[in-house]
Amino acid sequence: MAEAADFQGMSPSPARRWLRRTGALLAGAPLLAGLLQLPAGPSAQAAEKSAPAASGSGGVSVSLDSVSPGAPTDSSTLTVSGKVTNNGKQAVTDAHVGLRVGPSLGSRDAIDGAARRTGFSPGLDGSELGGKYAEQFPKLAPGVSQDFSISVPVKELDLGSDGVYQLGVSLSGQTPAQPYERVLGIQRTFLPWQTDGATAKTKTTFLWPLISSVHMSAETLPNQQQTPVFRNDDLAKEIAPGGRLSQMLSLGKGLDVTWVIDPDLLASVDAMAGNYSIKGKGDSVTAGRNQAVAKQWLGELEQAVQDKEVVALPFADPDLASLAHTGKNVTGSLSHLKDATDVASSTVETILHVKPETDFAWPVNGAVDPSIVKVATSAGADKIIARSDSLQETGGLPYTPTAARPIGGGTTAVVADAGLSTAFEGDLSSAGGSTLAVQDFLAQSLMTNLEEPDKQRSIVVAPQRMPSASQAQSMATALRTLQDSNWSQSAGLAAAAAAKPDPQATTHVPSTSRYPSSLRRQQLPQSAFQHVEDTQDKLDNFKVILTDRSRVVTPFGRAIDRAMSTSWRGHATAASAFRQDVESYLDGLSTQVRLIEKSETKLSGRSATIPVTVQNNLMQGVDHLVLRLTSQQPTRLKIGNGPYAEQPISVSGGHSQSVKFTTTANANGRAAVVAQLFTEDGQAYGPAVTFDVNVTEITPTVMLVIAGGVLLLVLAGFRMYTQRKRLAARRAEEERNAADDDAPAQHGLNDAADGTVDTEDTAESGPEPGAEPRADGPEQPSDPAPDTAPESADPSGTGERVDR
């Protein structure tokens, strides 16, 4: 300003104004030239070389594929590698990639703000560490990518006190349209810097979830082994080498984490380890062939969780929020949550041989409200895994409080940190995305410790329920670095829940109206829970008749649990189809015990028996059934002693049984009869069978005709008897006569010797063959007694046939 005052013809004040205007114009010239895409003058080019333009969107993208080590120490050499890509239409020349260390960030909000910021800002992104720590690219053609790797001793970064520093990787160069050096692309990440061990290390609990979607159906093959049927073979892909669950297992083995397991996953893999089938189109099934994969995965998991903390969720991970908001309005829905909780411990112990913690409830995304807490605790849980974006701080605490919060009624909310828990969401399949997520997580973790370095706190990280393989790899990378850091130490979930609560932390559970609408839209509707209860009612009605209820109750009970799984969120159509399949299969089994249809039955007489057949096509026997036969016209036809009669039923598996009912007819005509099976508690079982009974009553005239016929049969028999008796008497008489004539017969033989035969005096002589006997001739002794002659007036003998 003093120099300006020496200009001739100018007072000091106008001189100052002239200098300010000239400086502003010169400073804005390069920017104006860039906007107009006009070649800059020599002075502008010189200015650009000394201070690159404030631009970071010059068509070049920078990807950070690796930052190693993620949390360096003062003796480390930092290596940053990645890729630069020219996305523009012009070649980039005289380019180089350099590192820029920005200022230390003062809070977790500052970290979030830096991560969101785009473009290059000299004041915020820091100066470039050039020289030998920059990688040169003479030319970068359009559409071409180039890899880079820069290694620099950490002491050259000139880091100050402990903290989180912004680390930028920028590409600077020029294009034909703008032939001056400027920053054409930049990518930012964070460098956690802790030189010495923290005064009070943060206790960090990381949940490692082994959860999958629903894979098993309620169906089993009709054999003694009850071979399970899977909806598809997707689970085999997940547990096979390289699959999502395979990687979750292999990565988790080397980490100090709390395993959070859905028992349904264990039960499904255990079922796959034996004989199993896969449902195809229609009713077709094919044999599964991944038994070896299932056995290997279970064996590795069993070894991995020994001496580790294991938390078992209720079976099939039921949707607590859906139960609280829509399911509780359906009677009986909450009882399924209790059943799912009870079976969880036994499932894990049986398969993995470890005793799990079962008193934790985990609502979706840790979102809670009073109704969710009430539902969760109704099944026995006294610890709710919430999240800090749901149970938000209202007291303005300048630090992140300990996770444990008493929320009343003996219930503890274990509040997971939202920022750390959501650090690994999104697409992390690229190395660049994974690296940014890892460094952001480490930065947030260190900053949490630095918020209150002298106050030890317990922090919980609850990631998404089903991380992808790439997300799991990023999680593992971050955890390995964190466990080697000097500001954090690992802790279990039970220890986090038992930690002394921060008295200033909020314990107020948000109202139901504050439940996130995005989560509410994904809930199971009330109709879903009503469908579940309808199926349960059918199961209750069916199981009472079974001799081996476990063959049906166990698979259907678990299928009902699966129908309420959290994994159905966002898959409403598939969820509905699953519930329908469960009910349809149960209906099909129920119809295997049924009454055989009957056609019209004819009943002749005043009393008779009517058979009704019960068929059992199940693999097991049924009992506790009652068969009732009811007459719809009891005045015409009675069953037993009244309008109906009942008989207990017990039928072996694969057999039929016919039951006879005594009936009494009071009048002729048709009578409708209804056969119905009932359970012992009086509930109708299966459809009724209705048939007609055609009653033909017997009249007195018909009875007389039948009696006359019987009498004629008796008389005919008696006549045959008397005739035989007379024939026997005649033969005896003939034999006596033959004895009396023995002497004359001898004399006649002697005469014959003389040649003389007297034929006229022979007693045995008779009429010529074919001659009619004479009416007036003498009666021969051998003639039968005559039948009653037409002229005889004597009555007929008893039993004789009378010709009229």
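Up top you'll find the structure we're talking about.
Basis of the calculations
- Residues numbered from 1 in each chain as written.
- Predicted model: local features only at pLDDT ≥ 70, side-chain atom pairs only at ≥ 80, totals over all residues.
- Heavy atoms only, no water.
- Helix = DSSP H or I, 4+ residues; strand = E, 2+ residues; numbered from the N terminus.
- Buried < 20%, exposed > 50% of the residue type's maximum accessible area, 1.4 Å probe, protein only.
- Areas by Shrake-Rupley, 256 points an atom, 1.4 Å probe, with all protein chains shown as cover.
- Pairing = 2+ DSSP bridges.
- Axes fitted to C-alpha atoms, helices over the stretch in contact; angles between N-to-C directions.
- Patch = residues over 30% accessible without salt bridge, like charges linked within 9 Å, V, L, I, M, F, W, Y side chains within 5 Å.
- Salt bridge = Lys/Arg side-chain N within 4 Å of Asp/Glu carboxyl O.
- Phe/Tyr/Trp six-rings, centres within 6.5 Å; stacked < 30°, edge-to-face > 60°.
- Lys NZ or Arg CZ within 6 Å of the ring centre and 35° of its normal.
- Polar contact = N/O pair within 3.5 Å; in protein donor to acceptor, adjacent residues only side chain to side chain.
- Parallel < 35°, antiparallel > 145°, perpendicular 65-115°, else oblique.
- Contact = heavy atoms within 4.5 Å.
- Nonpolar A, V, L, I, M, F, W, Y, C, P; charged D, E, K, R; others polar.
- Left-handed = near helix turned anticlockwise from the far one by under 90°.

J.: Now, about the overall build of the chain: what can you tell me, with residues and values included?
T.: Across its full length, the chain holds 21 helices and 30 strands. In the chain, buried positions account for 45% of the 804 residues. Total accessible area on the chain is roughly 39,900 Å²; 51% of this is exposed by carbon and sulfur atoms.

J.: Could you give an account of the sheet that holds strand 10 (residues 216-220), naming the residues involved and the relevant values?
T.: Read across the sheet, four strands follow the order 10-11-13-14 without closing on themselves; strand pairing throughout is mixed. Two strands bound the open sheet, and with one partner strand each, they are strand 10 and strand 14 (285-287). Sheet twist, expressed as the mean angle between neighbouring strand axes with direction ignored, is 40°. Relative to strand 11 (residues 228-230), strand 10 runs antiparallel, the two being bridged by two bridges.

J.: Report on a nonpolar patch on the surface, specifying residues and quantitative values.
T.: Among the surface-exposed residues, Val710, Leu711, Leu712, Val714 and Leu715 lie close enough to one another that they form a single nonpolar patch of about 460 Å² accessible area. By secondary structure assignment, the location of valine 710 is in helix 20 (residues 700-740). A relative accessible area of 47% means that valine 710 is categorised as partly exposed.

J.: An account of the packing of aromatic side chains is requested, with residue identities and associated values reported.
T.: Evaluation of the coordinates by the stated rule reveals seven aromatic pairs. Centre to centre, the rings of phenylalanine 424 and phenylalanine 441 are 5.2 Å apart; their planes meet at 45°, and the pair counts as tilted. Of this pair, phenylalanine 424 sits in the loop between helix 12 (418-421) and helix 13 (431-451) while phenylalanine 441 sits in helix 13, placing them 17 residues apart in sequence. Phenylalanine 441 carries the same exposure label as phenylalanine 424, and that label is buried. Among the aromatic residues, ring-to-ring pairing joins Phe206, Trp208, Phe424 and Phe441 into one connected group. Lying over the aromatic face of phenylalanine 360, lysine 383 brings its terminal NZ or CZ to 5.5 Å of the ring centre. The cationic tip of arginine 628 hangs over the ring face of tyrosine 644; the distance from NZ or CZ to the ring centre is 5.0 Å.

J.: Pulling in residues and values, what's your account of helix 7 (residues 263-272)?
T.: Among the ten residues in helix 7, nine count as buried, and that is most of the element. Buried within helix 7 are the following residues: Pro263, Asp264, Leu265, Leu266, Ala267, Ser268, Val269, Ala271 and Met272. The residue sitting at the N-terminus of helix 7 and contributing the capping side-chain oxygen is aspartate 262; that oxygen lies 3.0 Å from the backbone nitrogen of aspartate 264.

J.: Just give me the short version of unusual backbone geometry, but keep the residues and values in it.
T.: The general pattern is negative phi for most residues beyond glycine and trans for most peptide bonds. In this chain, serine 68 is followed by proline 69 through a cis amide linkage whose omega measures -5°. With respect to the helices and strands, the residue proline 69 is situated in the loop between strand 1 (60-68) and strand 2 (77-86). Look at histidine 353: it is not a glycine, yet its phi comes out positive at around 60°. As for its placement among the helices and strands, histidine 353 is situated in the loop between helix 10 (333-352) and strand 16 (360-361). Since its relative accessible area comes to 52%, histidine 353 is described here as exposed.

J.: Account for the packing of helix 3 (residues 108-116) against helix 13, with residues named and values stated.
T.: Packed helix pairs are characterised by how far apart their axes lie and by the angle those axes make with each other. For the pair helix 3 and helix 13, interaxial distance at closest approach is 9 Å and the crossing angle is 155°. In terms of orientation, helix 3 and helix 13 fall into the roughly antiparallel class. Where helix 3 approaches helix 13, its residues Arg108, Ile111 and Asp112 are matched on the opposing element by Asp440, Ala443, Gln444, Met447, Thr448 and Glu451. Here the residues of the contact of helix 3 with helix 13 sort into three nonpolar, two polar and four charged.

J.: If you had to explain the packing of helix 17 (residues 526-543) against helix 19 (residues 572-590) to someone new, which residues and values would you point to?
T.: Close contact between helix 17 and helix 19 brings their axes to 10 Å; oriented N to C, the two are set at 20°. Considered as vectors, helix 17 and helix 19 are oriented roughly parallel to each other. The two elements helix 17 and helix 19 meet at a crossing, and its hand is left-handed. In contact with Ala528, His531, Val532, Thr535, Lys538, Leu539 and Phe542 of helix 17, helix 19 contributes Arg579, Gln580, Val582, Glu583, Leu586, Asp587, Leu589 and Ser590. Split into classes, the residues belonging to the contact of helix 17 with helix 19 amount to seven nonpolar, four polar and four charged.

J.: Tell me about the environment of serine 388, and please be specific about residues and values.
T.: Structurally, the position occupied by serine 388 is in the loop between strand 17 (383-387) and strand 18 (404-408). Owing to a relative accessible area of 26%, serine 388 belongs among the partly exposed residues under this scheme. In this structure, the C-alpha to C-alpha distance between serine 388 and alanine 403, residues 15 residues apart in sequence, is 8.8 Å. Among all residues touching serine 388, those that are not within four sequence positions of it are Val415, Ala416, Asp417 and Ala418. A polar contact of 2.8 Å, which involves the side chain of serine 388, links it to the backbone nitrogen of alanine 418.

J.: Which residues make up the environment of leucine 184, and what values do they have?
T.: One can find leucine 184 in strand 8 (residues 178-193). For the pair formed by leucine 184 and valine 62, sequence separation is 122 residues and the distance between their alpha carbons is 9.5 Å.

J.: Tell me what's going on with the sheet that holds strand 26 (residues 637-639), and back it up with residues and numbers.
T.: Taken in spatial order, the four strands of this open sheet run 22-24-28-26, and their pairing is antiparallel. Of all the strands in the sheet, the pair left with one neighbour each is strand 22 (593-595) and strand 26. Across the sheet, the mean angle from the axis of one strand to that of its neighbour is 30°, orientation sign disregarded. Across ten bridges, the pairing between strand 24 (residues 607-616) and strand 28 (residues 655-665) is antiparallel. Within strand 28, the residue paired with isoleucine 610 across the bridge is phenylalanine 661.

J.: Talk me through the pattern of salt bridges; I want residue IDs and the actual numbers.
T.: Evaluated as defined, the whole model comprises 23 salt bridges. With a shortest N-O distance of 2.8 Å, arginine 405 and glutamate 393 are connected by a salt bridge. Placement of the pair is arginine 405 in strand 18 and glutamate 393 in the loop between strand 17 and strand 18, with a sequence separation of twelve residues. Each member of the salt-bridge network shares a partner with another, and the members are Arg117, Asp125 and Arg188.

J.: Before we move on, can you summarise the pairing of strand 7 (residues 163-175) with the specific residues and values?
T.: Burial of strand 7 is extensive: 13 of the 13 residues sit out of reach of the surface. Alternating positions in strand 7 separate into two faces, Gly163, Tyr165, Leu167, Val169, Leu171, Gly173 and Thr175 on one and Val164, Gln166, Gly168, Ser170, Ser172 and Gln174 on the other, with burial throughout. Inspection of the sheet shows strand 3 (residues 92-105) paired to strand 7 by nine bridges, in the antiparallel sense. If you follow valine 97 over to strand 7, its bridge partner there is leucine 171. Note that strand 7 and strand 8 share twelve bridges and pair antiparallel. Counted as the bridge partner of leucine 171 is glycine 185 from strand 8.

None of the figures reported here should be taken as evidence of function without further support.
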